[in-house]
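# A structural walkthrough
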Amino acid sequence: MTWYLILIALVGLERVAELVVARRNAAWSMARGGVMTGQGHYPWMVALHTGLLVCAPLEVALAERPFLPALGWPMLALVVAAQGLRWWCITSLGPRWNTQVIVVPGLPLVTRGPYRFRWLRHPNYVAVVVEGLALPLVHTAWVTALAFTVLNAALMVVRIRCENAALALASER
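First, a word on what this report is: a plain description of the structure on this page. From a predicted model like this one, the values you see are computed outputs, not experimental measurements.

## Things to note about the overall build of the chain
Of regular secondary structure, the chain possesses five helices and two strands. Beginning at the N terminus, the succession of helices and strands in the chain can be written as α-β-α-α-β-α-α. Against the 2.2 N^0.38 benchmark of 16 Å for 173 residues, the chain shows a C-alpha radius of gyration of 17 Å, consistent with a compact globule. Counting the 173 residues in the chain, one finds 43% classified as buried.

Structure (structure tokens):
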């Protein structure tokens, strides 16, 4: 269980790093006339992602979930792959990446990195989905994995609609 807590802490530190990058990038975007939308769903995203990091180890401890190597090791590989995809997205978007929906009007869509695949408009959310399922399952916290996946799916419908609308509006300006 100790190593699992370390893994959760490392993912938590990664989230803090994301917030530092997002704050810097928000300042960059706003200085260039960036428009922020979707503030209503953002607190729910923060709560959901915080809940994932809290509930997974709690479920493992309280429900005495075992580590099953046949499940745990592949899930750990998926967690690492999700982090790689997330940071590929962050570096590809550069200062335009953010945890909030901020669009600078007039800037063209990014077409490098994973964004060059037109059939995959939101690759960062693939990373979120994979991590949200895999991180709890590293240590068989299946209730957390299921709850996060269902709640995240509902939230992603709202978030992706918001992003698509913001991007469409920004391209018109």
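Structure shown, so let's carry the discussion forward.
## Observations concerning helix α4 (residues 123-137)
Taking 1.5 Å of rise per residue, 15 residues should cover 21 Å, and α4 covers 22 Å from first to last C-alpha, within 8% of that figure. The sharpest bend along α4 comes to roughly 25°, located at E131. Counting buried positions over the 15 residues of α4 gives eleven, a clear majority of the element. Restricting attention to buried positions, one finds in α4 the residues P123, N124, Y125, A127, V128, E131, G132, A134, L135, P136 and L137.

## Remarks on the packing of helix α1 (residues 2-31) against helix α2 (residues 42-62)
Where α1 meets α2, the axes come as close as 9 Å, and the angle between the chain directions of the two elements is 165°. Relative to α2, the element α1 lies roughly antiparallel. Helix-helix and strand crossings are classified by hand; for α1 and α2 the assignment is left-handed. Where α1 abuts α2, its residues Y4, L5, I8, V11, G12, R15 and L19 lie against Y42, H49, L53, A56, P57 and V60. Class assignment for the residues of the contact of α1 with α2 results in ten nonpolar, two polar and one charged.

## Things to note about the layout of surface pockets
Of the pockets and cavities examined, the largest pocket occupies roughly 1100 Å³. Looking at the largest pocket, it is lined by 45 residues, and the ones nearest its centre are W97, N98, Y125, R159 and E163. Elements with a minimum of two residues in the lining of the largest pocket: α1, α2, α3 (69-93), β2 (101-103), α4 and α5 (142-172). If you tally residues by element for the lining of the largest pocket, the top one is α5, at eight residues. Considered class by class, the residues forming the lining of the largest pocket number 26 nonpolar, eleven polar and eight charged.

## Some remarks on the nonpolar core
By size, the foremost hydrophobic cluster in this structure holds 24 residues, and its most contacted members are Y4, L7, I8, L135 and V138. At the level of elements, α1, α2, α3, α4 and α5 are the ones that each hand at least two residues to this core. Looking at this core, the element that brings in the most residues is α2, giving six residues. Core analysis: the second largest hydrophobic core is formed by eleven residues, V21, A22, L93 and V110 among them.

Scoring rules and cut-offs
Residues numbered from 1 in each chain as written. Predicted model: local features only at pLDDT ≥ 70, side-chain atom pairs only at ≥ 80, totals over all residues. Heavy atoms only, no water. Helix = DSSP H or I, 4+ residues; strand = E, 2+ residues; numbered from the N terminus. Rg over C-alpha atoms; globule rule 2.2 N^0.38 Å. Buried < 20%, exposed > 50% of the residue type's maximum accessible area, 1.4 Å probe, protein only. Expected span 1.5 Å × (residues − 1). Bend = angle between axes of the 7 residues up to and from the residue. Axes fitted to C-alpha atoms, helices over the stretch in contact; angles between N-to-C directions. Parallel < 35°, antiparallel > 145°, perpendicular 65-115°, else oblique. Left-handed = near helix turned anticlockwise from the far one by under 90°. Contact = heavy atoms within 4.5 Å. Nonpolar A, V, L, I, M, F, W, Y, C, P; charged D, E, K, R; others polar. 1 Å grid on protein atoms, 1.4 Å probe; cavity = no way out; pocket = protein on both sides within 12 Å on 5 of 7 lines; lining within 4 Å. Points joined across faces, edges and corners; volume = space filled by probe spheres on them. Core = buried A, V, L, I, M, F, W, Y, C linked by side-chain atoms within 4.5 Å.

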